[in-house]
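Descriptive structure summary
Letter by letter, the chains look like this.
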Amino acid sequence: MAQDGTLTRKILASFAGYRLGWLKADVAAGVAIAAVGLPSAIAYPVIAGLPPQTGLYASIAPLVAYAIFGPSRQLIVGPDAATIIVMAAVLAAMPGLAAADRPMVAALLALIVGGFYFGARLLKLGVLSTFLSRPILVGFFAGISLSILVGQLQRVTGVEIEADGLIPPVVELISKAGQIHWPSLALALAMFGVQQGAQALRLPVPGPVIVVVLSVALSALLDFPGLGIAVVGDIPSSMPALSLPGTAGARIDQILIGAAAIFLVSFAAGIITARSFGERGGYPVDSDREMIGFGAANIAAGLFSAFPVTASDSRTAVNASAGGRSQLAGIIAAATLVLIVLYLQPALAILPIPALGAILIAAALSLIDLPALRGIWRISRMEFAFAMIALFAPISLGVLNGVLVAIGATFAYLLHKMMYPRDALLGRVPGHDGFYKLHRRPDARPVPGLMIALIQGDLLFFNADHVQARLRADADAMPPGTRWLVLDASAITQVDSTAAAMLEEVRADLASRGVALGLAELHRDVRTLLDRAGLIAAVGPAMIFEDLDDALRTFEATDNKGGTA
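From a predicted model like this one, the values you see are computed outputs, not experimental measurements.

A few words now on the confidence of the model for the protein chain. Residues at a pLDDT of 70 or more form 93% of the protein chain, whose mean pLDDT is 87. For residues 1-8, every residue scores under 50 in pLDDT, and the model assigns this stretch zero contacts once sequence neighbours within four places are set aside.

Below, the structure written as structure tokens:
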């Protein structure tokens, strides 16, 4: 029984300590979440060439699954721009996939993404949430937003655009200016203006909700289909049955690779949202536990004919602002959307496509974080360069390849940081204890006869040559009479065999100059490896020190005796 209670607490974590007084706030928040989520639920599937009802399905079953298995009280899952556009690229990369088969493959992708989440949780890979650096994510999301913007040209103008990329579609639109359907463009511009006005005036009703209601009303009054303005069309007025999706003829290797790309982007976007609201709400976010919630949400999406989902920042923000206290708000939102599917299908059928394009344009613009890009430029030009690589990769190479480039840029960024560890020479400041970097403290002085070198980073095969060059440069700059060079290893937590061989070469080079090499404050694992490599024996036990103070005392003692250790 105790085990059952523990399992229940883990599964229904977001309902722990629920109070009846929270019910009113949760119901109000749930209705608000449904109202705000409805426009994006209908609009986002268009990006991937999916029917609009799949977005509604992706906003219902995953909410219930996360409410049961997710750890957060406030987080709301659903369709996400970054995730949907990566999925669109995955589907586009499958040649011969018929439009009618896209929903089935999208559902299968969601199922596999959910499996990846559970597999990553079993392997305790929550650390993946920090794998893509903030500059690369900021740049990547900005690049995705530009891709979304370009993708709306056809929907808001009525002109069929065949070119890909950023500039070619614009050039094609200009060349086909005579084909622009001006009523569609005028409607899109008007609805975009409504959204911006609602945001500027801080109206209590979100802009996308106003756009949906207003455009449906105008469509009914003015007969938009009769004016040549495209509308959503028939939407099934029933919920999908529980089913296992098939491959629909798509290659399984393409599906698995595509699901991996979607998993990485959706997890990164979801954890960013979770941590952001966790900081605002003052509660911790456990990446490993979030994987369970996200995994359950995606499996539910796959079983109910939807597509991959992740945490939704807009819906979570509405939940927080409306005072939602638990995941009951998510369940209420799901129930509200079910009622909309069952009873408001005729209204959704006449929703104009240009209005959805305006909603997507506004959503895409919100993904471009110009203040963050300016901050990265101010802080680090190198990190800004990686952000630009991640920005232009989805545009120039396609979104799916852009994911790979972003991952490659992350590796390049990490390797660059690790390949060139900082180093410094240390000395003493008269009247003060401890050791200080000579280049940072003008009053610091080297100890006569003793050179102390600090390496701030691990010693591994890819940076061994750089570190060796720096140590040789230090040796070349040693003043006459230097007898010891002590390496401060306090910041070195890892060493491999290549680095061990490099240190032996440094020791031999110093010995040829009449200088002894010492090692101070070795970590246990580092010392074990250097001992196996024979360096500890070559240096000699007397030149292995607990810390720099121990090294200095030993040096002064041997100096007074006029000898060496």
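Right, let's get into the side chain of Gln-152. By secondary structure assignment, the location of Gln-152 is in the loop between helix H7 (134-151) and helix H8 (153-157). Residues contacting Gln-152, with those up to four places away along its chain left out, are Ile-47, Gly-357, Leu-360 and Ile-361.

Throughout the structure, instances matching the rule amount to 10 aromatic pairs. Residues Trp-484 and Phe-555 carry aromatic rings whose centres are separated by 5.1 Å and whose planes lie at 65° to one another, so their mutual orientation is edge-to-face. Here Phe-555 lies in helix H25 (residues 548-561) and Trp-484 lies in strand S6 (residues 484-488), a separation of 71 residues in the sequence. For the pair formed by Trp-484 and Phe-555, the shared burial category is buried. Taken together, Tyr-66, Phe-116, Tyr-117, Phe-263, Phe-267 and Phe-294 form an aromatic cluster joined through their ring pairs. Cation over ring: Arg-428 sits above Phe-435, and NZ or CZ is 4.9 Å from the ring centre.

This part covers the sheet that holds strand S3 (residues 422-427). Taken together, the six strands give an open sheet; going across it, the order is S4-S3-S5-S6-S7-S8, and neighbouring strands pair in mixed fashion. Sheet topology places strand S4 (436-437) and strand S8 (544-545) at the edges, where each strand pairs with a single neighbour. Note: strand S7 (residues 516-520) against S8, two bridges, orientation parallel. Following the sheet pairing, Leu-519 is matched in S8 by Ile-544. Most of the contacts of helix H21 (residues 464-476) go to strand S5 (residues 450-456), to which it runs at about 160°, and overall it touches S3, S5 and S6.

To continue, consider unusual backbone geometry. Despite not being glycine, Asp-223 shows a phi value in the positive range, around 55°. As for its placement among the helices and strands, Asp-223 is situated in the loop between helix H11 (207-222) and helix H12 (252-281). Even without being glycine, Ser-305 reaches a positive phi, approximately 60°. Inspection of the secondary structure puts Ser-305 in the loop between helix H13 (287-303) and strand S2 (310-311).

Taken N-terminus to C-terminus, the directions of helix H2 (residues 23-47) and helix H14 (residues 313-321) make an angle of 160°; their axes are 9 Å apart at the nearest point. The orientation of H2 with respect to H14, classified from their angle, is roughly antiparallel. Our pair here, H2 against H14, has a crossing hand that is right-handed. Here Ala-29, Ala-32, Ile-33, Val-36, Gly-37, Ser-40 and Ala-41 of H2 come into contact with H14, specifically with Arg-315, Val-318 and Asn-319. A class-by-class count of the residues in the contact of H2 with H14 yields six nonpolar, three polar and one charged.

Right, let's talk about the pattern of salt bridges for a bit. For the structure on display, the rule yields eight salt bridges. Here Arg-251 and Asp-253 are joined by a salt bridge, their closest N and O atoms 2.7 Å apart. Judged by its relative accessible area of 34%, Asp-253 falls in the partly exposed class. As a salt-bridge pair, Arg-441 and Asp-443 come within 3.0 Å of each other at their nearest N and O atoms. The class for Arg-441 is partly exposed, based on a relative accessible area of 27%. One connected set of salt bridges, linked through shared partners, spans Asp-476, Asp-509 and Arg-513.

Time to look at a nonpolar patch on the surface. Taken together, the side chains of Met-239, Leu-339, Leu-342, Tyr-343 and Leu-344 make up a nonpolar region of the molecular surface, amounting to roughly 490 Å² of accessible area. By the secondary structure assignment, Leu-342 is in helix H15 (residues 328-343).

Its place among the elements puts Ile-229 in the loop between H11 and H12. In this structure the C-alpha to C-alpha distance between Ile-229 and Arg-155, which are 74 residues apart in sequence, comes to 9.8 Å.

Here we take up the environment of Val-341. Looking at where Val-341 falls in the secondary structure, it is placed in helix H15. Residue classification places Val-341 among the buried residues on the basis of a relative accessible area of 2%. When the C-alpha positions of Val-341 and Ser-237 are compared, they lie 5.6 Å apart, and in sequence the two are 104 residues distant. When near neighbours in sequence (up to four residues on either side) are disregarded, Val-341 contacts Leu-56, Ile-60, Pro-236, Ser-237, Ser-238 and Met-239.

Here the focus is helix H5 (residues 81-92). The terminal C-alpha atoms of H5 lie 16 Å apart, and with 12 residues this matches the ideal 16 Å at 1.5 Å per residue to within 8%. Counting buried residues along H5, 11 of its 12 residues qualify, which places the element largely inside the surrounding structure. Regarding H5, the residues found buried are Ala-81, Ala-82, Thr-83, Ile-84, Ile-85, Val-86, Met-87, Ala-88, Ala-89, Val-90 and Leu-91.

Now for the environment of Phe-140. On the secondary structure map, Phe-140 appears in helix H7. Classification of Phe-140 by relative accessible area gives buried; the value is 4%.

Cut-offs used in this document
Residues numbered from 1 in each chain as written. Predicted model: local features only at pLDDT ≥ 70, side-chain atom pairs only at ≥ 80, totals over all residues. Heavy atoms only, no water. pLDDT = per-residue confidence, 0-100. Contact = heavy atoms within 4.5 Å. Helix = DSSP H or I, 4+ residues; strand = E, 2+ residues; numbered from the N terminus. Phe/Tyr/Trp six-rings, centres within 6.5 Å; stacked < 30°, edge-to-face > 60°. Buried < 20%, exposed > 50% of the residue type's maximum accessible area, 1.4 Å probe, protein only. Lys NZ or Arg CZ within 6 Å of the ring centre and 35° of its normal. Pairing = 2+ DSSP bridges. Axes fitted to C-alpha atoms, helices over the stretch in contact; angles between N-to-C directions. Parallel < 35°, antiparallel > 145°, perpendicular 65-115°, else oblique. Left-handed = near helix turned anticlockwise from the far one by under 90°. Nonpolar A, V, L, I, M, F, W, Y, C, P; charged D, E, K, R; others polar. Salt bridge = Lys/Arg side-chain N within 4 Å of Asp/Glu carboxyl O. Patch = residues over 30% accessible without salt bridge, like charges linked within 9 Å, V, L, I, M, F, W, Y side chains within 5 Å. Areas by Shrake-Rupley, 256 points an atom, 1.4 Å probe, with all protein chains shown as cover. Expected span 1.5 Å × (residues − 1).

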